[in-house]
Amino acid sequence: MGRASFTAAFTIVSFVFILINYDVVSCLCFSNSSHRTTMFLPLFPPKDPSYRSSPSRRLLQKIPPNARMALHDDLLLNGYYTTRLWIGTPSQRFALIVDTGSTVTYVPCITCKQCGKHQDPRFQPEMSSTYQPVKCNIDCTCDNEREQCIYERQYAEMSSSSGVLGEDIVSFGNQSELAPQRAVFGCENRETGDLYSQHADGIMGLGRGDLSIVDQLVEKHVISDSFSLCYGGMDFGGGAMVLGGIKPPEDMVFTNSDPVRSPYYNIELKEMHVAGKALNLNPLVFDGNHGTVLDSGTTYAYLPEAAFAAFKNAVMKAVHSLKQIEGPDPNYKDICFSGAGSDISQLSKAFPPVDMVFTNGKKLSLSPENYLFRHSKERGAYCLGIFQNGKDATTLLGGIIVRNTLVTYDREHETIGFWKTNCSELWGRLNSSPPPPTLPSGLDNTNSTGSMAPTLVPSGSPGYNAPGEIKVGFITFYMSLSVNYSDLKPRITELTHLIAQELDVNISQVHLMNFSTKGNDSLVKWAIFPAGSANYMSNAAATEIIHRLAETRVRLPDTFGSYRIFEWGIEHLPKRTGWQQSYLIVVIAFSVVLILGLSALLGLLIWRRRQGSPLPYERVETVVREQELQPLT
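This is a predicted model, so every value here is computed, not measured. (Residues numbered from 1 in each chain as written. Predicted model: local features only at pLDDT ≥ 70, side-chain atom pairs only at ≥ 80, totals over all residues. Heavy atoms only, no water.)

Novice: Looking at this model, I keep getting lost on the overall build of the protein chain. Mind explaining?
Specialist: Counting secondary structure elements, the protein chain contains 10 helices and 32 strands. Across the 633 residues that make up the protein chain, the buried fraction comes to 52%. Intrachain contacts of the protein chain at a sequence separation of at least 6 include 70% that bridge at least 24 residues. Carbon and sulfur atoms make up 55% of the accessible area of the protein chain, which totals about 30500 Å². (Helix = DSSP H or I, 4+ residues; strand = E, 2+ residues; numbered from the N terminus. Buried < 20%, exposed > 50% of the residue type's maximum accessible area, 1.4 Å probe, protein only. Contact = heavy atoms within 4.5 Å. Areas by Shrake-Rupley, 256 points an atom, 1.4 Å probe, with all protein chains shown as cover.)

Right, here's the structure in full:
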């Protein structure tokens, strides 16, 4: 859908859907541009906003655990971020779009007669020993036979998803301290439009509503009423997500988010500054319609007409030294500039800072990567990623605004917090490590060979090892890519991030061991080391990584060409003999004594020199000590 026609389509589709009385929850709109994929704000709120009706969520006596989950894909290339969710026993993995505007989580079902080809196999209820259909009741819409609950979702681009509701064990990955939980989700029997053609399997609903995965976990008292998203920066993609509360950094900037004002996650935006100067706008310009909405289901940012005109003029005035050029797609009148260079870290020298000021006086400072996207046809050129929202008075702030920003949706206290950070290094900066979770009692966690269940990363002292386990030092594997050395070398950092995301490990664990070329192909040897300061990784974690490598679960963007992974293996830690251990102790002791002795001798020389008489005055013509090579005059 073109940008200019969005408002008209909004009005027409709204009228049609109101007549049909569908329970429309979110809107995913993807442009047809070859270089751009766009997602838009949901059209309608849930019919029954009873998400705050239960007082039980405020009666938590202690801080529950949380679920740490990696984000994958690239916001501007894919139009969305996905996370991995495991459903069933044995578990089946799915790549789901993270959407704060949706209130239901759904995946394609094996019985689906009209579902596209997605990233992972469809869900097979009969293969899960813990699956149960949600039977028809007065709180749900039932099928024609009035046997099972169903769901139907319509989207602005006339995409749709419908199916039955089921309940099963949901697992959150091996970085999560939250144990697997039972949850209700949708099992698709039909999908149309962009939902049919997208690469991702389905949707993970983080919005407000009884079917939201967040609301379900809060009602079970297993997480606090909060979640956080952290989107990767320009050219890196990926990121991190936390279901549940975290200790906010001291310098996190908060703004109110009133659930009564809008069913979406809104913030109280008052002013925008460009290059330190406030835009000449009425503060009410950001409070029209739904107000200012923060939505992970929107790729770019969209301002009301007056606000966009003021923002565009201020930016163009600040970048007068750059050359304005045409955008990469003639279907859009993008505002683009060349001459800024390809180094992202230097963009702030060419483009102005932008500040978003909230009603409490706090402000969120945006770097150029938060309002620009890279020109796809001209090197060193960038375009504005903030557009006019037609005639709609709503301010939409999509994922581009919060790249490399931790965003905490504290629903319990009705606030949203922002903290600028490197999302690829989020866990290290937060300086916390979750303990291993325990499975719910009576849960059968048997793994299948076709779909490995998420394993749990060990934490705490690395000295413990279960009887019979092998101490895995690190895992190695080779990757062959049909990309030549000159093209691949500048993208090694990006490739490292992608491998870490696909193997569900920290970026610090992935090490490049060797690099060689043959013709136009490249051969890279990688090693996956234990997390943190651990000397080895658990057998369970090592097995999960090997399964991902063996089952070709590592998916790279098409820009890396064709690739192949082979010769993966485990490097064991050598077991030291008693003689080797004693020898090591002797060497360390000798080194300590030697260092102490040299330090004492050096101290004695300095003391004796200070006690002696000063050197006598000598004429310039005299060859003095330490000056034998000085020419005489």
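There's plenty left to go through after this.
Novice: Quick question: what am I supposed to make of the packing of aromatic side chains here?
Specialist: Centre distance and the angle of the planes are the two values used to describe a pair of aromatic rings. Applying the stated criterion across every chain yields a total of 18 aromatic pairs. Judged by centre distance (5.4 Å) and plane angle (90°), the ring pair of Phe123 and Phe185 falls under edge-to-face. Residue Phe123 is located in the loop between strand S4 (106–108) and strand S5 (132–133), and its partner Phe185 is located in strand S9 (residues 181–192); the two are separated by 62 residues in the primary sequence. Just as Phe123 is buried, Phe185 falls in that class too. Three or more aromatic residues joined by ring pairs form one cluster here, namely Phe94, Phe123, Tyr131 and Phe185. Over the face of the ring belonging to Phe560 we find Arg491, whose NZ or CZ atom lies 4.1 Å from the ring centre. One residue, Arg564, lies across the ring of Phe566, its end atom 4.3 Å from the ring centre. (Phe/Tyr/Trp six-rings, centres within 6.5 Å; stacked < 30°, edge-to-face > 60°. Lys NZ or Arg CZ within 6 Å of the ring centre and 35° of its normal.)

Novice: In this structure, what is going on with the side chain of Gln92? I would like to understand it.
Specialist: Tracing the chain through its elements places Gln92 in strand S3 (residues 92–99). Taking the relative accessible area as the measure of exposure, Gln92 reaches 10% and is therefore buried. Polar contacts involving the side chain of Gln92 include one to the main-chain amide nitrogen of Gln124, which spans 3.0 Å. (Polar contact = N/O pair within 3.5 Å; in protein donor to acceptor, adjacent residues only side chain to side chain.)

Novice: Just checking my understanding: could you explain the pattern of salt bridges for this structure?
Specialist: A pair can form between side chains of opposite charge whenever their charged atoms are brought close. In the structure shown here, the tally under the stated rule is 9 salt bridges. Note that Asp287 is salt-bridged to Arg261, the shortest N-O span being 3.2 Å. Note that Asp287 is positioned in the loop between strand S16 (277–278) and strand S17 (292–294) and Arg261 in the loop between strand S13 (253–256) and strand S14 (266–267), a separation of 26 residues in sequence. Take Asp287: its relative accessible area is 43%, and that puts it in the partly exposed class. Residue Arg261 is classed as partly exposed on the basis of its relative accessible area of 30%. A salt bridge links Arg491 to Glu494; its shortest N-O distance comes to 3.1 Å. (Salt bridge = Lys/Arg side-chain N within 4 Å of Asp/Glu carboxyl O.)

Novice: Which parts of the structure should I look at to understand the pairing of strand S28 (residues 415–420)?
Specialist: On a regular strand, each side chain points to the face opposite its neighbour's, so the side chains alternate between the two faces of the sheet. Counted residue by residue, S28 has 5 buried out of 6 residues, so it is predominantly covered. Pairing of S13 with S28 involves 4 bridges; the strand directions are antiparallel. Opposite Val253, over in S28, you have Phe418 as the bridge partner. The pairing of strand S27 (residues 405–410) with S28 spans 6 bridges and is classified as antiparallel. Each bridged residue has a counterpart across the sheet, and for Val407 the counterpart in S28 is Phe418. Between the antiparallel neighbours S27 and S28 lie 4 residues, among them Glu414 with a positive phi of about 55°. (Pairing = 2+ DSSP bridges.)

Novice: Hey, could you run me through the pairing of strand S30 (residues 510–518) in this one?
Specialist: Where S30 lies against strand S31 (residues 521–528), 8 bridges are found, and the strand directions are antiparallel. Paired with Ser516 across the bridge in S31 is Leu523. Remark: 2 residues form the turn of the hairpin made by S30 and S31, two consecutive strands paired antiparallel; Gly519 in that turn has positive phi of roughly 65°.

Novice: Which parts of the structure should I look at to understand the environment of Gly276?
Specialist: By the secondary structure assignment, Gly276 is in the loop between strand S15 (269–274) and S16. Judged by relative accessible area, which is 57%, Gly276 ranks as exposed. As for Gly276 and Asp355, which are separated by 79 residues in sequence, their C-alpha atoms are 7.6 Å apart.

Novice: Just checking my understanding: could you explain the state of the cysteines for this structure?
Specialist: Chemically, a disulfide is nothing more than a covalent bond linking the sulfur atoms of two cysteines. Counted under the stated rule, the structure contains 6 disulfides. A sulfur-sulfur separation of 2.0 Å characterises the disulfide bridge that pairs Cys109 with Cys187. Of note, the bridge from Cys109 to Cys187 carries an S-S torsion of about 80° and is right-handed in sense. Highlighted residues: Cys109 in the loop between S4 and S5 and Cys187 in strand S9, separated in sequence by 78 residues. The class of Cys109 is buried, set by a relative accessible area of 3%. Paired through a disulfide, Cys136 and Cys142 show a sulfur-sulfur distance of 1.9 Å. Here Cys136 and Cys142 share a disulfide; its torsion about the S-S bond, 90°, makes the bridge right-handed. (Disulfide = S-S within 2.5 Å.)

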